[in-house]
Amino acid sequence: MNRRGLILSVLAVGVAGFGGATWFATRPGPVAEAEPVAPELADAMIRPYSPILGPAEAPVTIVEFFDPACEACRAFHPIVKEIMAEHGDAVRVVIRYTPFHGAASEEAIRVLEAARMQDVYVPVLEAVLREQPRWASHGAPAPGLILQIAATAGLDAEAARTQMLAPDVVAILNQDRADVETVGIRQTPTFFVNGKTLDPFGEAELRRLVAAEVAAAQS
């Protein structure tokens, strides 16, 4: 299958929020006018190979700079799915890999890319996030643990061992690292909605910004 054209559907199964990640609690009041990213950063926001959750032609795009080992990313995952479910075909999510947690993050990303080659990206993503406390708690997962977890979600682990080392996967990791530097990402998750920065950061702010962009697209 053409990897560039692969569009991933979002599972309905929710992931429980990570208990310690309460810093994104909602805040009262409207979201300030969101600032668009500088034009020279546009190319670094989305790449043709980037995984997409949701309809390819959705008018509203959430770009998420995402680390599979990040507790807050795990906590925000069900929130993002709720937002997508609420707005239906109007919203898609583009995943940009941000391996801030070192070897564990990189291994998980390689597993996710192998899952994409095998057309099981979403179930493997769900499993990796669900079991994150097992493999990411100490920064260096036991050898083979992430693959073992992914295999429970349908990944052919034996084939994945080779796929994880493919030149395309290395290129994706390298380009995403470069784009993280270019855009100036310092924490995960970091969200942009139709090229607008989510600032201040928060669940309520993300919901309101997405809703505003959906309303604008439908007006």
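A few points on the structure. What you see as residue numbers is a count from 1 along each chain, following the sequence as written. Confidence filtering applies because this is a predicted model: local features only for residues at pLDDT of at least 70, side-chain atom pairs given and counted only at 80 or more, and all residues used for totals across whole chains, interfaces and linings. Calculation of side-chain values draws on the structure's entire complement of heavy atoms; hydrogens and water are dropped beforehand.

Observations concerning the overall build of the protein
For helices the rule is a DSSP run of H or I covering at least 4 residues; for strands it is a run of E covering at least 2, with both sets numbered from the N terminus onward. In terms of regular secondary structure, the protein is built from nine helices and six strands. Counting only residues that meet the buried cut, the protein has 51% of its 219 residues in that class. By the convention used here, residues are in contact when the closest approach between their heavy atoms is within 4.5 Å. Across the protein, every contact between residues at least 6 apart in sequence was considered, and the portion connecting residues at least 24 apart equals 82%. Accessibility here uses a 1.4 Å probe with only protein chains present; expressed as a share of the type maximum, an area under 20% marks a residue as buried, one over 50% as exposed, and anything in between as partly exposed.

Let's talk about the packing of helix H2 (residues 71-87) against helix H9 (residues 203-218)
Axes here mean lines fitted to C-alpha atoms, for a helix over just the part in contact, with angles spanning 0 to 180 degrees between N-to-C directions. Where H2 contacts H9, the axes come no closer than 11 Å and their chain directions differ by 25°. Looking at the two axes, H2 sits roughly parallel to H9. Relative to H9, H2 is oriented so that their crossing is right-handed. For the pair H2 and H9, the contacting residues are Phe 76, Ile 79, Glu 82, Ile 83, Glu 86 and His 87 in the first and Glu 203, Leu 206, Arg 207, Val 210, Ala 211 and Val 214 in the second. In what follows, roughly perpendicular refers to angles from 65 to 115 degrees, roughly parallel to angles under 35, roughly antiparallel to angles over 145, and oblique to any angle outside these ranges. Should the near helix be turned anticlockwise from the far one by less than a right angle, the crossing is termed left-handed; should it be turned clockwise, right-handed.

A word on the pattern of salt bridges
We count a salt bridge whenever a side-chain nitrogen from Lys or Arg sits within 4 Å of a carboxyl oxygen from Asp or Glu. Going through the model one piece at a time under the given rule, you end up with 13 salt bridges. A salt bridge links Glu 106 to Arg 110; its shortest N-O distance comes to 3.1 Å. Of this pair, Glu 106 and Arg 110 both sit in helix H3 (residues 103-117), four residues apart, which is roughly one turn of the helix. Classification of Glu 106 as partly exposed rests on a relative accessible area of 23%. Given a relative accessible area of 15%, Arg 110 falls into the buried group.

Some words on the packing of aromatic side chains
Only Phe, Tyr and Trp rings are paired, with Trp represented by its six-membered ring, and only when their centres lie within 6.5 Å; those with planes under 30 degrees apart are stacked, over 60 edge-to-face, the remainder tilted. For the structure shown, the criterion picks out four aromatic pairs. Between the aromatic rings of Phe 76 and Phe 201, the centroid separation amounts to 5.2 Å while the plane-to-plane angle is 55°, which identifies the pairing as tilted. Of this pair, Phe 76 sits in helix H2 while Phe 201 sits in the loop between strand S6 (196-197) and H9, and the two are 125 residues apart along the sequence. Summarising the aromatic geometry, the rings of Phe 191 and Phe 201 are spaced 6.1 Å apart at their centres and angled 15° between planes, so their arrangement reads as stacked.

Description of helix H8 (residues 167-183)
Expected span of a helix: the number of residues minus one, times 1.5 Å. Helix length check: H8, at 17 residues, gives a terminal C-alpha distance of 24 Å against a target of 24 Å (1.5 Å per residue), a fit within 8%. Listing the buried residues of H8 in full gives Val 169, Ile 172, Leu 173, Asp 176, Asp 179, Val 180 and Val 183. Buried residues of H8 fall within an arc of 135° about the axis and therefore sit on the same side. Relative to its buried face, H8 has exposed residues pointing more than 90 degrees away, namely Pro 167 and Glu 181. Where H8 is buried, its residues meet helix H1 (42-45), strand S3 (60-66), strand S4 (91-97), H3, helix H7 (157-163) and strand S5 (190-193). Gly 184 occupies a position one or two residues after H8 and carries a positive phi of about 85°. For this quantity, the arc is that covered by the directions from the helix axis to the C-beta atoms.

Considering unusual backbone geometry
Residue Thr 188 is joined to Pro 189 through a cis peptide bond whose omega torsion reads -5°. Mapped onto the elements of the fold, Pro 189 is located in the loop between H8 and S5. In the segment running from Asp 199 into Pro 200, the intervening peptide bond is cis, with an omega of 10°. With respect to the secondary-structure elements, Pro 200 resides in the loop between S6 and H9. A positive phi angle, near 60°, is found at Asp 119, a position not held by glycine. Its place among the elements puts Asp 119 in the loop between H3 and helix H4 (121-130). We note that Asn 194 has phi near 50°; this positive angle belongs to a residue other than glycine. Looking at where Asn 194 falls in the secondary structure, it is placed in the loop between S5 and S6.

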